[in-house]
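Working through the structure, step by step
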Amino acid sequence: MTYTFLQHYWCFIVSLLGALLVFLLFVQGANATIFTLGRTQEERRMLINSTGRKWEFTFTTLVTFGGAFFASFPLFYSTSFGGAYWLWMLILFSFVLQAVSYEFQNKLGNFLGPKTFQCFLVLNGILGPLLLGGAVATFFEGSNFIIEKNNLVDVAAATPIISRWANASHGLDALLNPWVLVFGLAVMCLARTLGILYIINNVDDDTIRTRCRRQLLIAAAAFVMLFVTYLVHLLIKDGFAYNDEGIIFMEPYKYLHNFTDMWYLTAIFLVGVVLVLYGIATELLRGFKPIAIHGIWPAGIGTVLTVLALLLMSAWNHTAYYPSTADLQSSLTLENSSSSYFTLNTMFYVSLLVPFVLAYIVYCWRKIDSKKIDRAEIAADDHAY
């Protein structure tokens, strides 16, 4: 296995984890609809118990995604997680707020009341996907950082720090870019769409399902509009490319070239988009005629395929996956930011255990969802959220 192969392999693994994380954001998307879909306390508890059985999957995938990035591309980890820490701290804070809200909303001694913690869940459902989407958008739009590797060997340097943020906002400046916001809003609407699809599949209540289909059309329409807008922008914008010597330069229509050069990723992307639209249409049409399949599964698989293809488009084919808007030559590529050959090669064999972990997750998922959430279960279960 060559060093180049291992760099591309670990880029694929990290991208796959990122794609799974975007799918699992359906938990946040469903939380954002607590008060829209649940008009009574009983109905809101049904929604919260539906997502409450899955939130650990999302949080664990987020941590694993960060850990995989740290091990395979440590310079990105130190630059993004260390430099843009206000952005990542807001993301982590919203997820911690989610965990606390699930556990304490109906505990004895909760002087704030259940509704306060339910509002926190809604806040997580909005901020989590929006900020994570914004963080992903910086792979295409760039971030304001500077890499100075000579600091490690320069005895005159004040501090031996390789990367630093070029301003005091430490990541929040990305939200001032309108295209970052467009992509972040698209991810937020996608999470909301997937969340509604999951509620339809998991909550056995006709009243809630009727409200879900009304909200699904609004969320899906907003997602499609925002996603198509950003996709057009991405295909016509200049991209961050590099040559065999590692020199970064701006290439017109770079991401369009990636779509044409890597036809196999384009095929995956198109299949993913079709599956997402099919899953949405399946549930919208269910109100008019019976359809056997539930929309969350084709839409979920489509989300993973679409996001996987997009993330790989940002890194493969001599593309700088973490561009710097402060110093073009500081942009990160697979070649200049990865771990050593020994580290990547050792982790390759460890990654062979991933299918077994995924199989265990599928097993646990099926056990958890073996019975749909209904009003009787919420009333009878003393351990319900």
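Just above sits the structure.
A brief report on the enclosed structure follows. Residue indices follow the written sequence of each chain, beginning from 1 at its first position. Owing to the predicted nature of the model, reporting of local features is limited to residues with pLDDT of at least 70; listing and counting of side-chain atom pairs is limited to 80 or more, with chain, interface and lining totals taken over all residues. In computing side-chain properties, one takes all heavy atoms of the structure into account and sets aside hydrogens as well as water.

**Observations concerning unusual backbone geometry**
What counts is decided by this rule: Elements are defined by DSSP. Helices are runs of H or I of four residues or more, strands are runs of E of two residues or more, and each kind is numbered from the N terminus.
Of note in this structure, tyrosine 253 is not a glycine but carries a positive phi near 55°. Phi angles above zero are rare outside glycine, and histidine 318 is one such case at about 55°. Looking at the element boundaries, histidine 318 is found in the loop between α13 (296-313) and α14 (334-337).

**Some details on the pattern of salt bridges**
Put simply, the rule reads: We count a salt bridge whenever a side-chain nitrogen from Lys or Arg sits within 4 Å of a carboxyl oxygen from Asp or Glu. Burial classes: relative accessible area under 20% of the type maximum marks a residue as buried, over 50% as exposed, and values in between as partly exposed (1.4 Å probe, protein chains only).
Tallying each qualifying case throughout the model produces 3 salt bridges. Glutamate 43 is paired through a salt bridge with arginine 211; the nearest N and O atoms lie 2.7 Å apart. In this pair, glutamate 43 sits in helix α4 (residues 41-52) while arginine 211 sits in helix α10 (residues 206-236), placing the two residues 168 residues apart along the sequence. Summarising the burial analysis for this pair, glutamate 43 and arginine 211 share the class buried. For the salt bridge of aspartate 204 with arginine 209, the shortest nitrogen-to-oxygen distance reads 3.7 Å.

**As for a nonpolar patch on the surface**
To keep it simple, the criterion reads: Only residues above 30% relative accessible area that lack a salt bridge enter a patch, with like-charged residues linked at up to 9 Å and the nonpolar side chains Val, Leu, Ile, Met, Phe, Trp and Tyr linked at up to 5 Å. Areas reported as accessible are Shrake-Rupley estimates using a 1.4 Å probe. Residue values count occlusion only from the protein chains shown.
A cluster of nonpolar side chains, namely Val224, Val228, Val232, Ile236, Tyr253, Leu256 and Leu277, defines an oily patch on the protein surface of about 580 Å² accessible area. Considering each element in turn, the nonpolar patch owes the most residues, 4 residues, to α10. The topology assignment puts isoleucine 236 in helix α10. In this structure isoleucine 236 comes out as exposed when scored by relative accessible area, which is 54%.

**Description of the environment of alanine 166**
To be explicit about the condition: Only heavy atoms enter the contact rule, under which two residues are in contact if any of them lie within 4.5 Å.
Looking at the element boundaries, alanine 166 is found in the loop between β2 (163-165) and α9 (178-202). Residue classification places alanine 166 among the partly exposed residues on the basis of a relative accessible area of 35%. C-alpha separation for the pair alanine 166 and tyrosine 253, spaced 87 residues apart in sequence, amounts to 27 Å. Excluding residues within four positions of it along the chain, alanine 166 makes contact with Asn144, Phe145, Ile146 and Ala326.

**Thoughts on the side chain of arginine 44**
Here is the rule we go by: Distance and chemistry together define a polar contact, namely a pair of N or O atoms within 3.5 Å, with one atom able to donate a hydrogen and the other to accept it when in protein, and with adjacent residues in sequence counting only for side-chain atoms on both sides.
Positionally, arginine 44 belongs in helix α4. Separated by 3.3 Å, the side chain of arginine 44 and the backbone oxygen of glycine 38 make a polar contact. What arginine 44 contacts, discounting residues up to four positions off in sequence, is Ile34, Phe35, Gly38, Arg39 and Gln118.

**Section: the packing of aromatic side chains**
The cut-off we apply is this: Side-chain rings of Phe, Tyr and Trp (the six-membered ring for Trp) are treated as a pair once their centres are within 6.5 Å; stacked means planes under 30 degrees apart, edge-to-face means over 60, and tilted covers the remaining angles. Counted as over-ring charges are cases with an Arg CZ or a Lys NZ within 6 Å of the ring centre that also lie within 35 degrees of the ring normal.
Scanning the model with the defined rule gives 39 aromatic pairs in all. Relative to phenylalanine 26, the ring of phenylalanine 23 has its centre 5.5 Å away and its plane inclined at 50°; by these criteria the two rings are tilted. Judged by its relative accessible area of 10%, phenylalanine 23 falls in the buried class. For phenylalanine 26, a relative accessible area of 0% puts it in the buried group. For lysine 54, the ring lying beneath its charged end belongs to tryptophan 365, and the centroid distance is 4.8 Å.

Function cannot be read off these values alone, since they describe shape.
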